[in-house]
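Okay, here's what each chain looks like letter by letter:
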Amino acid sequence: MKHLSEYRDAGLVEGVLKEIRRTVTRPWTIMEICGGQTHSIVRSGLDQLLPEEIELVHGPGCPVCVTPIELIDKALAIASRPEVIFTSYGDMLRVPGSGRDLFSVRAAGGDVRVVYSPLDAVKLAAANPEKQVVFFAIGFETTAPPNAMSVVQANALGLRNYSVLVSHVRVPPAMHAILGSPHNRVQGFLAAGHVCAVMGYWEYPSIAEKYGVPIVVTGFEPLDIAQGILQVVRMLEGGEVAVGNAYARVVTEAGNKPAQELIGRVFENCDRKWRGIGVIPDSGWKLRPEFAEFDAEGRFDVAAITPQESPLCIAGEILQGLKKPLDCPAIGVQCTPEHPLGATMVSAEGACAAYYRYGRVPLE
Amino acid sequence: MCLGVPGKVIETHEENGLLMGTVDFGGVQREACLEYVPDTQVGDYVIIHVGFAISKVSEEEAQETLALLREIADIESELGPEGGVV
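Only a predicted model underlies this, so the values are computations on that prediction, with no experimental measurement involved.

How each quantity is defined
Residues numbered from 1 in each chain as written. Chains lettered and ligands numbered in written order. Predicted model: local features only at pLDDT ≥ 70, side-chain atom pairs only at ≥ 80, totals over all residues. Heavy atoms only, no water. Helix = DSSP H or I, 4+ residues; strand = E, 2+ residues; numbered from the N terminus. Buried < 20%, exposed > 50% of the residue type's maximum accessible area, 1.4 Å probe, protein only. Contact = heavy atoms within 4.5 Å. Phe/Tyr/Trp six-rings, centres within 6.5 Å; stacked < 30°, edge-to-face > 60°. Lys NZ or Arg CZ within 6 Å of the ring centre and 35° of its normal. Core = buried A, V, L, I, M, F, W, Y, C linked by side-chain atoms within 4.5 Å. Pairing = 2+ DSSP bridges. Axes fitted to C-alpha atoms, helices over the stretch in contact; angles between N-to-C directions. Buried area = accessible area lost by both parts, 1.4 Å probe. Salt bridge = Lys/Arg side-chain N within 4 Å of Asp/Glu carboxyl O. Polar contact = N/O pair within 3.5 Å; in protein donor to acceptor, adjacent residues only side chain to side chain. Nonpolar A, V, L, I, M, F, W, Y, C, P; charged D, E, K, R; others polar. 1 Å grid on protein atoms, 1.4 Å probe; cavity = no way out; pocket = protein on both sides within 12 Å on 5 of 7 lines; lining within 4 Å. Points joined across faces, edges and corners; volume = space filled by probe spheres on them. Arc of directions from axis to C-beta.

### Things to note about the overall build of chain B
Then, in step 1: Helix and strand counts for chain B stand at one helix and five strands.
Then, in step 2: In chain B, the order of α-helices and β-strands from amino to carboxyl end is β-β-β-β-β-α.
Then, in step 3: By residue count, 44% of the 86 residues in chain B fall in the buried class.
Then, in step 4: If you take every contact in chain B between residues at least 6 apart in sequence, the share linking residues at least 24 apart comes to 27%.

Shown next, in the form of structure tokens:
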């Protein structure tokens, strides 16, 4: 299809890869922030076609992976209530909370449904006035405009049986956290194309300047990613600290203004805990007080839960680019998509899932 | 979850006060909310993300990028195989 097949042209990818090989003179570590890009890279084998000087490390851009376990446990408690229809993006159903997941709640009789769009959850609320419909509003800046719209729409339709369990996170504070860490080894970033489609990239020059790292807005097809890497490598080799855009067909510097406006109307900044990483100041969004009645955490009295993480899982270090999936002794042994120890093994954007699915984990 | 898919808008309508449209993804059609790209016309390409268009695809930018990348690939073929004389 137009705008898809052209960007999967192997000949063009090879041309860009050769240009990267010719440009690079020394080792560089580059992080792709978005888990969707991680999957595209591992699926296409792009990382193995790069010159050995370039190492790609995988970033925290997997919304399912960074949703804190406490909130998943809350979701499990709310979804277990008889009056609730609990709705979620499909990825979330297999994510382990403290010992169980949403699938097991469904198996035990809970009404848990996968929706494609949060507007489908609003429709469910309209069609089931005797039920409480809860939507698990997780994600980065990409899902915030749809999730915000669902709240505005429910409000406009007078639906008092709709609420959202919010766990929104933002990319720029995570970049600060990674680059500011004493253990950081990231020297250049591929910024997440669709996050930038919403938010633009006007926030990035100050990050590039502060830490001295080039940042290039990058798309998702192999050709997009190769092009993003080429731009970053050119800047690194030339000692240039700047922000580039290798996804100009979709992303503008200003981003999507109507989306940013609605996000600002519905959400406000808050500190947010990232699973495996910890609290990152000012890194999340929560509902503004005007929309507090749509907050599922307020609507359902969920007792304090003490979460239990697997002691074997190293997902937190993987999400910060400190380790890679094959550094984990449990991958493919104790931890598989059927029996995941951490969220990075189940999400369609999780780095461990990518390594497992595309044959990077050596079989015993 | 951030993997938006490009599709072509083939029809627009209003539903509950929201601008909606039917989007074709190479033969598969889905309804999507177009509220965030209000100037979208039938025939435009958009990136759809969890049922919402979050951006229009610029035909001009797409062609410009491809031309640039073809140029890089062409230069490579003109230069011959890597590593010089075999």
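### Quick word on the packing of aromatic side chains
Residues and elements named next belong to chain A.
Then, in step 1: One pass over the structure, following the stated rule, counts six aromatic pairs over all chains.
Then, in step 2: Their ring planes at 70° and their centres at 5.7 Å tell us that Phe86 and Phe136 sit as a pair that is edge-to-face. Of the two residues, Phe86 sits in strand S3 (residues 84-88) while Phe136 sits in strand S5 (residues 132-139), which places them 50 residues apart along the sequence.
Then, in step 3: Here Tyr89 and Phe135 contribute two aromatic rings whose centre-to-centre distance is 5.2 Å and whose plane-to-plane angle is 85°, an arrangement assigned as edge-to-face. Residue Tyr89 is located in the loop between S3 and helix H6 (102-107), and its partner Phe135 is located in strand S5; the two are separated by 46 residues in the primary sequence. Assigned by exposure class, Tyr89 and Phe135 land together as buried.
Then, in step 4: When the ring centre of Tyr7 is taken as reference, the NZ or CZ atom of Arg249 above it lies at 3.5 Å.

### A short note on the nonpolar core
Then, in step 1: Phe86(A), Tyr162(A), Phe189(A) and Tyr204(A) are the most contacted members of the largest nonpolar core, which totals 100 residues.
Then, in step 2: Listed in part, the 31 residues of the second largest apolar core include Leu46(A), Met235(A), Leu236(A) and Ala62(B).

### Regarding the sheet that holds S3(A)
Residues and elements named next belong to chain A.
Then, in step 1: One open sheet accounts for six strands, arranged S4-S3-S5-S6-S11-S10; its pairing is mixed. Each having just a single partner strand, strand S4 (111-114) and strand S10 (267-274) make up the two edges of the open sheet. Here the average twist between neighbouring strands, direction ignored, is 25°.
Then, in step 2: Set on the sheet, helix H5 (residues 69-79) makes contact with S3, S4, S5, strand S6 (162-169) and S10; between it and S6 the angle comes to about 165°.
Then, in step 3: Contacting S5, S6, S10 and strand S11 (278-287), helix H8 (residues 144-156) crosses the sheet at an angle of about 155° to S6.

### Regarding the interface of chain B and chain A
Then, in step 1: With 44 residues of chain B at the interface, the matching set in chain A holds 50 residues.
Then, in step 2: For the chain B and chain A pair, buried surface summed over both sides reaches about 4,100 Å², with 68% attributable to carbon and sulfur atoms.
Then, in step 3: Close ionic contact of Glu31(B) with Lys123(A) constitutes a salt bridge, the shortest N to O distance being 3.9 Å.
Then, in step 4: There are 12 residue pairs in polar contact (both at pLDDT 80 or more) connecting chain B and chain A.
Then, in step 5: Counting only elements with at least two residues in the side of chain B that touches chain A, the list comes to strand S1 (5-15), strand S2 (18-25), strand S3 (28-33), strand S4 (45-49), strand S5 (52-56) and helix H1 (59-79) of chain B.
Then, in step 6: A breakdown of the residues in the side of chain B that touches chain A according to their chemical character gives 24 nonpolar, 10 polar and 10 charged.

### Regarding empty space enclosed by the protein
Residue and element names in this part refer to chain A.
Then, in step 1: The tally for this structure, following the rule as stated, stands at five cavities of 30 Å³ or more.
Then, in step 2: The space that makes up the largest cavity amounts to roughly 80 Å³.
Then, in step 3: Along the walls of the largest cavity sit 14 residues, with Cys313, Cys328, Cys335, Thr344 and Cys352 positioned nearest its centre.
Then, in step 4: Classifying every residue of the lining of the largest cavity by side-chain character gives 12 nonpolar, two polar and no charged.
Then, in step 5: If you add up the space inside the second largest cavity, you get close to 60 Å³.
Then, in step 6: Gly35, Thr38, His58, Gly59, Cys62, Ile318, Leu319, Thr344, Glu349, Gly350 and Ala351 together form the lining of the second largest cavity.

### Quick notes on the environment of Cys196(A)
Residue and element names in this part refer to chain A.
Then, in step 1: Its location among the elements puts Cys196 in helix H10 (residues 193-199).
Then, in step 2: Taking the C-alpha atoms as reference, Cys196 lies 7.2 Å from Val217; in sequence the two are 21 residues apart.
Then, in step 3: Filtering out sequence-adjacent residues up to four positions away, Cys196 remains in contact with Ala191, Tyr201, Tyr204, Val217, Val251, Thr252 and Gly255.

### Here we look at the sheet that holds strand S9 (residues 243-245) of chain A
Within a sheet, adjacent strands bond to each other through the backbone by hydrogen bonds, running parallel or antiparallel.
Residue and element names in this part refer to chain A.
Then, in step 1: Across the sheet, five strands lie side by side as S2-S1-S7-S8-S9; this open sheet has parallel pairing. Sheet topology places strand S2 (54-61) and S9 at the edges, where each strand pairs with a single neighbour. Between one strand axis and the next, the sheet turns through 25° on average, direction left out of account.
Then, in step 2: Pairing between strand S1 (residues 28-34) and strand S7 (residues 188-192): three bridges, direction parallel. The partner of Ile30 across the bridge, within S7, is Gly188.

### Looking at helix H11 (residues 204-211) of chain A
Residues separated by three or four positions in an α-helix point in the same direction, a consequence of the helix having 3.6 residues per turn.
Residues and elements named next belong to chain A.
Then, in step 1: Turning to H11, its buried residues number three or more, namely Tyr204, Ile207 and Ala208. Down the axis, H11 shows its buried residues gathered within 100° of arc, on one side only. Opposite the packed face of H11, turned more than 90 degrees from it, sit the exposed residues Ser206, Glu209 and Lys210.
Then, in step 2: Gly212 sits one or two positions beyond H11 and adopts a positive phi of about 70°.

The values reported here are purely geometric and, on their own, carry no functional implication.
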